[in-house]
Structures are given as structure tokens and as C-alpha cells.
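Architecture at a glance
Read off the chains here:
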Amino acid sequence: MIDYIDRINIEKAKKNWSNRDFSKASGVPESSLSRYLSKQRKPGATEIYQIAQALGKSVEYFMTGEGGPNTNSPKVVVAQKQDETVMSAKPRGQLDPNRP
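Small disclaimer: the values here were computed from a predicted structure and weren't measured.

For N16, which is not glycine, the phi dihedral falls at a positive 55°. Following the sequence through the fold, N16 ends up in the loop between α1 (4–14) and α2 (19–26). Using a relative accessible area of 68% as the deciding quantity, one classes N16 as exposed. Its identity as a non-glycine residue notwithstanding, K39 has a phi of 65°, on the positive side. With respect to the secondary-structure elements, K39 resides in the loop between α3 (30–37) and α4 (45–55).

Quick look at the structure:
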């Protein structure tokens, strides 16, 4: 079964990027990318967002295999709850009316 790291590796290969190229495009350190791509370590929500942006895909695509190009980049809100990372996304320009 293809997981989100496999999808990231596939999209990286389509761009013919080295890990150095990928690091420059995403802003994620090359050593961290290497560990993520070899499944030695899991990326956090922020890194997944940076990777998705660099590859021109949505976070949803990498996590579920559905969706495609990320033309309306969402604002990702990350919250830590005990040992679980929770992500939600809002399209740009849509602000929370309850927030000052």
C-alpha cells in the first residue's frame, strides 16, 4: 500500500530533484528530508506542509492520495494535543470571525 512518504518520493522523482534541490525548494533541512524519505523518521505537520508546497500538491493529496495541485494554498493550523498532532486547513483569505 502506498503511503504519504511514497507519494512524496514519487512527486520528488517526477521533478528529478536531489535531496539538496528538495531541501532548497521546501526549506526543510536536507538531513531531515533524508530521514523522512527513507522512513527513518516521521515529518511533523509543518514539514509536511512545506513539502507539499514545494511539490505543488495539497497536504490532502499526500495524506490520502486524493486531490491534486494545490492552487489555493491553505493556511495550516497545527495544534499539539498530548502525543497527537492535529491539522486543519482554511483557504487563504478566510479568517476566523471569532478571532480578533
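A few words now on the nonpolar core. For soluble globular proteins, the rule of thumb is that nonpolar side chains tend to be buried together. Among the nonpolar cores identified, the biggest contains 16 residues, and Y4, I8, F22, L33, I51, L55 and F62 are the most heavily contacted of them. Where this core is concerned, the elements lending two or more residues are α1, α3, α4 and α5 (59–64). When residues in this core are grouped by element, the largest group, 5 residues, is from α4. Apart from residues no more than four positions distant in its own chain, L55 is found in contact with I8, E11, K12, K15, W17, F22 and F62.

Definitions and cut-offs
- Residues numbered from 1 in each chain as written.
- Predicted model: local features only at pLDDT ≥ 70, side-chain atom pairs only at ≥ 80, totals over all residues.
- Heavy atoms only, no water.
- Helix = DSSP H or I, 4+ residues; strand = E, 2+ residues; numbered from the N terminus.
- Buried < 20%, exposed > 50% of the residue type's maximum accessible area, 1.4 Å probe, protein only.
- Core = buried A, V, L, I, M, F, W, Y, C linked by side-chain atoms within 4.5 Å.
- Contact = heavy atoms within 4.5 Å.

Read these as layout, nothing more, since geometry by itself doesn't imply function.
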